[in-house]
Amino acid sequence: MSEQDNRISAALDDDDKAFLASLDSDRGLFQQIGDSWKGPLGGWAKFAFILAVIFGFGLLVVIWQVAHTRDPVEHTLWAIAALALLIIQGFLKEWMFNRMNMLTILREVKKLQVQVALLSEHQEGDKQGSPPL
């Protein structure tokens, strides 16, 4: 076993195993959103979600105003506001989905760490004289 495998096995602790146990094998969109609200950036994820909802309702109001204004200047200003809110909404959702993807990748890395640790334990058991399979 390499030195890298030893370091990974040593770094894997009970918190990592508990983290893996908390993750289901088939997580849907809403489960992933809920998972992104936990951890060190969980507060920011909640804040970004609330902002996305607020900007979403604001976007609906602005689109309503665009559809019902008759003055060309006012119509243009409402349309610019709608475009700005749409861009803000896009950036917020991009950040939220990047966070969800990062957590999915972290989940897979943790699975690999557990597999390496289990494999190293199995190989150490083979070296101590256990009969071959």
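These numbers come from a predicted model, not from an experiment.

Colleague: Just give me the short version of the nonpolar core, but keep the residues and values in it.
Modeller: The biggest cluster of nonpolar side chains holds 5 residues, and these are Leu59, Val62, Val66, Ala82 and Leu85. Going through the elements one at a time, helix H4 (42-68) and helix H5 (72-127) are the ones with two or more residues in this core. When residues of this core are assigned to their parent elements, the largest contribution, 3 residues, is made by H4.

Colleague: Talk me through the environment of Trp37; I want residue IDs and the actual numbers.
Modeller: Within the secondary structure, Trp37 is located in the loop between helix H3 (29-36) and H4. Classification of Trp37 as partly exposed rests on a relative accessible area of 29%. Note: C-alpha distance between Trp37 and Phe49 (12 residues apart in sequence) is 9.3 Å. If we skip the residues at most four places from it in the chain, Trp37 touches Gly42, Ala45, Lys46 and Phe49.

Colleague: So what's going on with H4? Which residues, and what values?
Modeller: Its 27 residues give H4 an end-to-end C-alpha distance of 39 Å, which sits within 8% of 39 Å, the value for a rise of 1.5 Å per residue. For H4, the complete set of buried residues consists of Gly42, Ala45, Ala48, Ala52, Gly56, Leu59, Val62 and Val66. Tucked into the core, H4 has its buried residues touching H3 and H5.

Colleague: Describe the packing of aromatic side chains, listing the residues and the values that go with them.
Modeller: Here the distance between the centres and the angle between the planes together describe a pair of aromatic rings. Under the counting rule described, the total for this entry stands at 2 aromatic pairs. Summarising the aromatic geometry, the rings of Trp37 and Phe49 are spaced 5.1 Å apart at their centres and angled 65° between planes, so their arrangement reads as edge-to-face. Here Trp37 is found in the loop between H3 and H4, whereas its partner Phe49 is found in helix H4, with 12 residues between them in sequence. For Phe49, a relative accessible area of 29% translates into the label partly exposed. Between Trp44 and Phe47, the ring centres sit 6.0 Å apart and the planes meet at 80°, which makes this aromatic pair edge-to-face. On the criterion of helical spacing, the pair formed by Trp44 and Phe47 is a turn pair, its members being 3 residues apart in helix H4.

Calculation rules
- Residues numbered from 1 in each chain as written.
- Predicted model: local features only at pLDDT ≥ 70, side-chain atom pairs only at ≥ 80, totals over all residues.
- Heavy atoms only, no water.
- Core = buried A, V, L, I, M, F, W, Y, C linked by side-chain atoms within 4.5 Å.
- Buried < 20%, exposed > 50% of the residue type's maximum accessible area, 1.4 Å probe, protein only.
- Helix = DSSP H or I, 4+ residues; strand = E, 2+ residues; numbered from the N terminus.
- Contact = heavy atoms within 4.5 Å.
- Expected span 1.5 Å × (residues − 1).
- Phe/Tyr/Trp six-rings, centres within 6.5 Å; stacked < 30°, edge-to-face > 60°.

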